[in-house]
Amino acid sequence: MNVTYAGEGPPVRHVSSGERESGITVPEEGKETAAAGPSSGGTPAETAAGGSTQSTAGARWKFDTVVIDAGHGGKDPGAQAYGLNEKDVVLGIAQKLGGYIEERLSGVDVVYTRDDDRFVTLRNRGRIANEAGAKLFISLHANAARNRSAHGTETYFLGTHKTETARKVMERENSVIQLEDNPDQYEKLTNGVMETLTQSAYMRQSEFLADLVQDQFEHRADRKSRGVKQAGFLVLWAASMPAVLVETGFLTNRSEARFLGSDRGQALIASGIFRAVRDFKKQYEKGLNLASE
């Protein structure tokens, strides 16, 4: 196990092939070999960022690192219901997802914002991703609602919320800043600056990944899809790359809590996200300009 430190953040762990969840496998699809990258034209990230298509830029934008962010942790348990803590559920999913990516996607490293039960600030989660040079940032969460019948998955990318439900989810996930030592650092973002960030060069790519995740949840994991949505999540603002926040289901729904608390349920959710990452990588390496679609 290779442990490094990213700035003032927590340890960052790269998964090794020996650290796999026993008894859980991704359906056979064959390992990918590392792609040489597009011979002409830029990758989506190059095009969106206005980067050069010279060989140095090609190396810079090689799809080589994915950061997986298990939400909450430590003194912040997240949603709690039916004996489950959100922080524990999403850590289990994160570890399975990381194992699948490194086992099945040759040349792609996985970095965790946390790999145990610790508290990490929202800003440091993004800092870890930025310092790792990540090409994708995936933040994992579990939902909660007063209505115990509410169920299903939804995936968010950065933007202005368009529904009251999205606003409530955003406020719940952002409320963790009250546990941080300096919550005032986010004030300018919560006062309207967030809206200007929807013009981010990575907005279209994030939406594309979110669509892939929801499609896999519906068809791979047999989950109800609540759709792709936008909201001003601070953890997504902090990451300077395509980024999504995944709500994997409702812990307040008895059936979904049982599913998310099980090894099989976590494996199916992780497998669905893995397939979305795999398909995103294929498009990325084709140099498809998602930003202009």
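Residues numbered from 1 in each chain as written. Predicted model: local features only at pLDDT ≥ 70, side-chain atom pairs only at ≥ 80, totals over all residues. Heavy atoms only, no water.

Student: I'm lost on the environment of isoleucine 269 in this one. Help?
Tutor: Tracing the backbone shows isoleucine 269 in helix 10 (residues 263–286). Since its relative accessible area comes to 0%, isoleucine 269 is described here as buried. For isoleucine 269 and glutamine 216, which are 53 residues apart along the polypeptide, the C-alpha to C-alpha distance reads 8.8 Å. When sequence neighbours within four positions are dropped, the list of residues in contact with isoleucine 269 reads Ile93, Phe217, Arg223, Thr248, Phe259 and Leu260. (Helix = DSSP H or I, 4+ residues; strand = E, 2+ residues; numbered from the N terminus. Buried < 20%, exposed > 50% of the residue type's maximum accessible area, 1.4 Å probe, protein only. Contact = heavy atoms within 4.5 Å.)

Student: Sorry if this is basic, but what is going on with the packing of helix 7 (residues 203–219) against helix 10 here?
Tutor: Geometrically, a packed helix pair is captured by the angle between its two axes and the distance between the axes. Where helix 7 contacts helix 10, the two axes come as close as 8 Å, and the packing angle between them is 140°. Regarding the angle of helix 7 to helix 10, the classification is oblique. Between helix 7 and helix 10 lies a crossing of right-handed hand. Contact with helix 7, carried on its side by Gln205, Phe208, Leu209, Leu212, Val213, Gln216 and Phe217, involves Ile269, Gly272, Ile273, Arg275, Ala276, Val277, Arg278, Asp279, Phe280 and Gln283 of helix 10 and no other residues of that element. Across the contact of helix 7 with helix 10, the residue classes tally to ten nonpolar, four polar and three charged. (Axes fitted to C-alpha atoms, helices over the stretch in contact; angles between N-to-C directions. Parallel < 35°, antiparallel > 145°, perpendicular 65-115°, else oblique. Left-handed = near helix turned anticlockwise from the far one by under 90°. Nonpolar A, V, L, I, M, F, W, Y, C, P; charged D, E, K, R; others polar.)

Student: How do you make sense of helix 10 when you look at a structure like this?
Tutor: Between the first and last C-alpha of helix 10 there are 35 Å, a value that for 24 residues agrees with the 34 Å anticipated at 1.5 Å per step. Taking burial as the measure, the 24 residues of helix 10 include 18 buried ones, the bulk of the element. With its phi angle positive at about 80°, glycine 287 sits one or two positions after the end of helix 10. (Expected span 1.5 Å × (residues − 1).)

Student: Explain the environment of proline 77 to me, please; I cannot follow it from the model alone.
Tutor: Checked against the element boundaries, proline 77 lands in the loop between strand 3 (65–70) and strand 4 (80–81). Sequence-wise, proline 77 and phenylalanine 119 are 42 residues apart; in three dimensions their C-alpha atoms are separated by 9.3 Å. Excluding anything up to four places from it in sequence, proline 77 contacts His72, Asn85, Glu86 and Lys87.

Student: Any chance you could explain unusual backbone geometry here in plain terms?
Tutor: Most of the time, phi is negative for any residue but glycine, and the peptide bond is trans. Phi is positive for histidine 72, which is not a glycine, with a value near 65°. Tracing the sequence through the fold places histidine 72 in the loop between strand 3 and strand 4. In this structure, aspartate 222 takes a positive phi of about 55° despite not being glycine. Relative to the helices and strands, aspartate 222 is located in the loop between helix 7 and strand 9 (225–231).

Purely geometric numbers; function is a separate question.
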